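The residues making up each chain are set out below.
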Amino acid sequence: PKCSTLEIRMNDKNDRRSQRTREALGKAFVELLTEKGYDALSIKDVIERANVGRSTFYSHYADKDELFVGQLDRLMDLLSRHDPQEHAEVNPFFPSLGLFHHIKQQRKLYRILTFGSGADVLTRHLQKSMTEKIEQRLAVGGQNYDVPIPVIANFLAGSFLSLVRWWMDVKMTFSPEEMDEMYRKLALESVKPLKQESGSDS
């Protein structure tokens, strides 16, 4: 059935309202995370800071873990869309340079997450999210590898997160560009597609 113009406008209005609510909740969550840490932060704190009702919160998220995960997904999508073309060609699997820059800019927040009570949620979800995105890109590329693609994707994501933690341990001695270059040399250089056999019919 066709939607009327009024229905389309109402859906658009609802979508915009929902987007504004998610943005308000996300902003409040990040602010409170920096102030209180993950464990001390409550849903009550978030809805009061965002000025939304409890029922509105639960219409978007099941709990604060899901809100956290939503913010991480939003960050990954945002960085992927704004990854410079020249860097996307150098690292076609995920926006590693953009992530290094974002971590540098938000180092206080990431230090709280990496070494605080939210570390487990952060690490588990980022590894899962990055692994899925890398696996999708590898599969779309149509290349053959001598290691299964899910293993490669998990290795690239895990190596990146391990390197980020070390970088923060040494107080970000290296620049995001230097970290990205070293990451690509260490991890991406080890992931090479198999050369196609010329003249083989199979």
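Above this text you will find the structure in question.
The following paragraphs examine the structure supplied in this document. Here the residue index of a chain counts from 1 through its sequence in written order. Given that this is a predicted model, residues contribute local features only at a pLDDT of at least 70 and side-chain atom pairs are listed and counted only at 80 or more, while totals for whole chains, interfaces and linings are drawn from all residues. Heavy atoms from the whole structure form the basis of all side-chain values; hydrogens and water molecules are not counted.

## Describing helix α7 (residues 107-115)
Inspection of α7 places L109, Y110, L113 and T114 among the buried residues, and these make up the whole buried set. Viewed along the axis of α7, the buried residues span an arc of 125°, placing them on a single side of the element. Buried residues are those whose accessible area, probed at 1.4 Å on protein chains only, stays under 20% of the maximum for their type, while exposed residues exceed 50% and partly exposed ones sit between those limits. Helix numbers and strand numbers start at the N terminus; a helix is a DSSP run of H or I with at least 4 residues, a strand a run of E with at least 2. Directions drawn from the helix axis to the C-beta atoms are what define this arc.

## Structural notes on the packing of aromatic side chains
Centres within 6.5 Å are what make two rings of Phe, Tyr or Trp a pair, Trp counting through its six-membered ring; a difference in plane orientation under 30 degrees is then read as stacked, over 60 as edge-to-face, and the rest as tilted. Counted under the stated rule, the structure contains nine aromatic pairs. Taken together, a centroid distance of 5.3 Å and an interplanar angle of 45° make the contact between Y38 and F68 tilted. Here F68 lies in helix α4 (residues 64-81) and Y38 lies in the loop between α1 (5-36) and α2 (43-50), a separation of 30 residues in the sequence. You can call Y38 buried: its relative accessible area is 4%.

## Thoughts on the side chain of T21
Take T21: it is sitting in helix α1. Residue T21 is classed as buried on the basis of its relative accessible area of 12%. For T21, the contacting residues outside a window of four places in its chain are V52, T56 and H60. Any two residues whose heavy atoms approach within 4.5 Å at even a single point are treated as in contact.

## A short note on the nonpolar core
Grouped burial of nonpolar side chains is what soluble globular proteins tend to show. Counting 50 residues, the largest nonpolar core has V46, L156, F160 and Y183 as its most contacted members. Broken down by element, this core gets its largest block of residues, 10 residues, from helix α9 (residues 149-169). We define the nonpolar core as a collection of buried residues of types Ala, Val, Leu, Ile, Met, Phe, Trp, Tyr and Cys that are connected through side-chain atoms lying within 4.5 Å of one another.

## Quick notes on the pattern of salt bridges
Any Lys or Arg side-chain nitrogen located within 4 Å of an Asp or Glu carboxyl oxygen qualifies as a salt bridge. With the rule as written, the count across this model stands at eight salt bridges. Notably, a salt bridge pairs D45 with K36, separated by 3.1 Å at the nearest N-O pair. Classification of D45 by relative accessible area gives buried; the value is 17%. For R184, the salt bridge is made with D180, and the minimal N-O distance between the two is 3.1 Å. Of the two residues, R184 and D180 both sit in helix α10 (residues 176-186), four residues apart, roughly one turn of that helix. We classify D180 as buried; its relative accessible area is 2%.

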